Structure formats: structure tokens, C-alpha cells
Amino acid sequence: MRRAMSLATCLPCIRWLGFTLGSVFIFHSILQVSASIHEYRNGVFTTQSNAFFFHGGSEGLYASKVHYSSNSSSQDNNPSRGKSFIRFERVTFLRTKESTDKLNGMQSKTGLVEAIIFEVKDRERIGGAFLKSDDICCSPDLSRDGSCKVGEVIIHKNLENPEWPKRVQTFFEGKGQVATMDTLSVGINNTGMYYLYFIICDPQLKGTLIQGTTVWRNPEGYLPGKMVPLMTFYGIMSLIFLVLGLLWFLRFVQFWKDIIQLHYHITAVIALGMCETALWYFEYANLNATGTRPMGITLWAVTISAFKKTLSRLLLLVVSMGYGVVKPTLGGGTLRVVILGVIYFVACEALELFEHLGNINDFSGKAKLYLVLPVAFLDAWFILWIFSSLSKTLEKLQMRRSMVKLELYRKFTNSLAVFVLLSIAWIGYELYFNASDPLSELWQIAWIIPAFWTLLAFSLLVVICVLWAPSSNPTRYAYAGDKGDDFDEEAISLTGGASAGTDQATTLREDLEEDKRE
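Now for a description of the structure that goes with this document.

## Observations regarding a nonpolar patch on the surface
Together, Val243, Leu246, Leu247, Phe249, Leu250 and Val253 make up an exposed nonpolar region whose accessible area comes to about 590 Å². Here valine 253 shows up in helix α3 (residues 228–254). For valine 253, a relative accessible area of 42% translates into the label partly exposed.

Printed below as a string of C-alpha cells:
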């Protein structure tokens, strides 16, 4: 009785935990995507200081395992193992017709666009900071001491590595509206976070657009630096899921006569988790080898991932609602559960397809936000519903005095509360991590952020597998209907067995009617 009263006092806390996690989860869902292939489709240059800027991309790159020359021509830029580089492919600049009408057709070079590549630690070397100026481009006044050339970006060379920051120049010819960069590769010989900017200093080139592609490659392949550890992680997780699946299968076969419906749901989640991690590993491996994502593997990985996320949340929800333990069916709540599951699957599938189908590209635009928000709100709704249902289930078990089942759900509640607190703590750390590292200087450890959520979901699945493992005594958590083993002998007083049993039966009938209405 003391245990039941203590648990009753915790029910408001459970609801608050659900509300808190549901609210905070929205902030966690809006993340950025790294890139290895950057596509520019009529990109617009923006004004900053006395220059026009276009951000060409940023990525963590590991140093080449074999020394790479500073610039390689198109004849020797074929990808090879051990080399790390940034390659410019079909990058063109289109200036306005108004700007060409003002030009003299006899001039050979009538406009300059510069591609500036630098490591994040050298960012202060771009611009006139070392000349005590806020200008990005060199002006006649700044050029008097020979520190820079008029019309070019100011770069303070690194004495330890004079070739960096890197400058690649492309000129417009005569009255031509289009200028095309040479196809070349810039070798990376130092590990770091690299940024690429296209900069124009000529005010006559205002309104210029950029098109083309840049390819960023690491020594072991095209996988972005942030994602390289994730390939190994998913490989290991697929093996761990295989071990869990094997153990669950052996237990399943051993007590196959005592299997309840809930065990089939758990089996499906384990199988989907195994397929999901294996497919992501093969998808990452293929991307790393070819630089492109295979349509078939990616589509299967995305679909199974979305289905597994949906089924996992539904599993938590129906367990919290007491399905198979407190009630034989979900009653009228079945339709609501199915509708929420279908909507979540569609929203999650759309977001996963947008993020993963095709080449990786960090220029996803605002469209991603419209896909992230529905998933975030649905996740929050799932969490609120789970904790609300769990609270009602605990109340019913206390009223029925089913101490064995109450103990089971108490363990489940405590475990879920621990996972909630871990989630909130990790979301806080993630927000701190992103806020304290706006330039992604800690890119080599950024992979632990998504890896943690995978491990957390797996750990929660293991807890459910342990609590609801098949056994020779399924009545300890299975719904027993009118047979009466929903009652626990401990709950019936020896001095008032008859009246207590009558009260219990009455309570059971009332609860059954309530379950049907729900």
C-alpha cells in the first residue's frame, strides 16, 4: 500500500516529464546537414563590406595520406585513394547584360571572380584586419605599401604555409557574359575545417550569378568528414542488433506457446532496427566509394528508418496504454493510434527523403524547415500521449491492486523517466555544442550527437525486451480477462477475502466497460 501511495504521488511528475521532453524535443529536431558535393544553381552574391560574397561550402577534411600538389590540372584530378581535395567542376559565372554594355570590347580581362579557400583557423587572414581596415577588397589607399593589389581580395599569407589561404582567379573576357572556371583540384595536406567563398570586388559585377559543382573528397572516399565515423558506427550497431535479435529469437522459440501479441511488435522493431543500421552502413559505404547515393539502397534505408521510428513510437504508446496488460484491445483509441502513426510515417518519410535522396548537399534552403517542424510537433505529441497514458495505466493498476503488474509498470516508468532525463540533458548539451561551435571547429567529434540518439533508442528497446521477455509465466503481465488472475493474492486481505474479491470483480467490470468506451 505504501508503494502504491508513493507511486500515486509521482503521477503528476510523470506528466510534467512528458510535457518537458515534448517541448524541448522541437528544438533538438532542427539540425543542419553536412555536405560533400555542393551544387550551385543560379546562386546570388550578397554584399558585405566592399565586396560581393557567395558561400561555396564548408566541410571537415582529413589530410591527404600522400602529398598532394597545390593545384592539379583536369588531366590528373581523377580521384585516387589516399588523396584529399576540393575539385571545381563546371563552375560558371553569369553577369548582367547591363554590366557588359558599359565595357570596351577591346579589353581582354573585364571582370574578376576569386575563389578563396581557407582553414577556419586562418579566417582572420582574409580581409584587411591586419591592415587595421574593415575592407575585404584592396583599395588604392591600402595598396600603397604593396600589401595587396587593387581589385583583389586582401589575403595575409601564412608564413608557415605560404600557399594558404588559397586563391583561384577567374576572369571575364571582353564583353562576354559568362566566365568559366578551369576544372582543377586543390589538394588538402592538413586536417581541418575548410571554407570556400567566391568573392567579387568589382562593383560593376553586381548581380552576377553562379552555377556549377564543387566536390569535396577525403583520403578514404567522398564521405564528409563529419560522417566518416558514422559509417563505422552503423556497422557496429548492425552487429549489436543482430546479437539482440538472436537472443530474442532463442527466447521466443523457447516459450513459443506463451507468446502474446506484444512480443510480435517487439520482434518487428528489432528486425527493422537490424535492417535499418545495416542499410545505412551499406549506403554510407557506397557513397564513400562513388560520391553518389544509390537510389535503391537509399530509398529502402529511408523507408525502413521512417517505418522503424513510427513503429517504435507506437510500441511505446500501446505499452503505456496498457495494451495486453490492462486491456485486451485499445478499443476506440485504436483509430486514433493508427491515424497518428500514418501521419507520422508520412511526415518522417518526407523529411528523410529530402535529407538523404540524391547527392548530399548543405544548401537545402528553407524547404527543410517546413518538413522538420511537423515531425518535431508529432514527436512532442507522441511523448505527451505516452506519459498521459502511462499515468492512467498506473492508476488503473493501483485501483485493481495488481501488484505484480504494478511492479512491472513501475520499473518501466522509472526506466522511461531515466531516458527522459538523459534526453533532456543531451538536448541541452547539443544546444550548447552547436552554440559554442558555430564554425564547426569540433567537426571530428560531432558524430557523437546523432550516435547518442541511436544508442538511447536501442537501450530503451533492450529495457522493453527485458521487462516483457517471453517466459513460462506470461500471466504476470498478460491480460487475463474474466479469469481473475489480474488480481494479486497479496492485494486481498485475509480477513476480508470475500468482500474484497467482490469489490475487485466490480472494479474489473467497470474498468472493462471503460476500456470499451475508450
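## Remarks on the environment of isoleucine 188
You can see isoleucine 188 is positioned in the loop between β9 (184–187) and β10 (192–200). Its relative accessible area of 0% is what places isoleucine 188 among the buried residues. Apart from the residues within four sequence positions on either side, isoleucine 188 is in contact with Leu61, Tyr62, Ala63, Ser64, Ser84, Phe85, Ile86, Trp164 and Tyr194.

## With respect to the state of the cysteines
With the rule as written, the count across this model stands at 2 disulfides. The disulfide partner of cysteine 137 is cysteine 201, and the gap between their sulfur atoms is 2.0 Å. Disulfide cysteine 137-cysteine 201: torsion about the S-S bond near -85°, hence left-handed. On the criterion of sequence distance, the pair formed by cysteine 137 in the loop between β6 (109–119) and β7 (166–173) and cysteine 201 in the loop between β10 and β11 (209–217) is long-range, its members being 64 residues apart. Considered together, cysteine 137 and cysteine 201 belong to a single accessibility category, that of buried residues. One disulfide in the model links cysteine 138 with cysteine 148; its S-S distance is 2.0 Å. Torsion about the S-S bond of the cysteine 138 and cysteine 148 cystine: about 65°, corresponding to right-handed handedness.

## Some points on the sheet that holds β7
Spatially, β2-β3-β10-β6-β7 is the arrangement adopted by the 5 strands of the open sheet, whose pairing is antiparallel. Strand pairing shows two members of the sheet lacking a second neighbour, β2 (46–48) and β7, which therefore form its edges. Across the sheet, the axes of successive neighbouring strands diverge by a mean angle of 35°, strand direction being ignored. In this sheet, strand β3 (residues 51–61) lies alongside β2 in antiparallel orientation, the contact comprising 3 bridges. For threonine 47, the partnering residue across the bridge sits in β3 and is phenylalanine 52.

## Examining helix α4 (residues 261–290)
Taking 1.5 Å per residue as the helical rise, α4 with its 30 residues ought to reach 44 Å, and the 44 Å between its terminal C-alpha atoms agrees with that figure. At the C-terminal side of α4, glycine 291 shows a positive phi close to 85°.

Parameters at a glance
Residues numbered from 1 in each chain as written. Predicted model: local features only at pLDDT ≥ 70, side-chain atom pairs only at ≥ 80, totals over all residues. Heavy atoms only, no water. Patch = residues over 30% accessible without salt bridge, like charges linked within 9 Å, V, L, I, M, F, W, Y side chains within 5 Å. Areas by Shrake-Rupley, 256 points an atom, 1.4 Å probe, with all protein chains shown as cover. Salt bridge = Lys/Arg side-chain N within 4 Å of Asp/Glu carboxyl O. Helix = DSSP H or I, 4+ residues; strand = E, 2+ residues; numbered from the N terminus. Buried < 20%, exposed > 50% of the residue type's maximum accessible area, 1.4 Å probe, protein only. Contact = heavy atoms within 4.5 Å. Disulfide = S-S within 2.5 Å. Pairing = 2+ DSSP bridges. Axes fitted to C-alpha atoms, helices over the stretch in contact; angles between N-to-C directions. Expected span 1.5 Å × (residues − 1).

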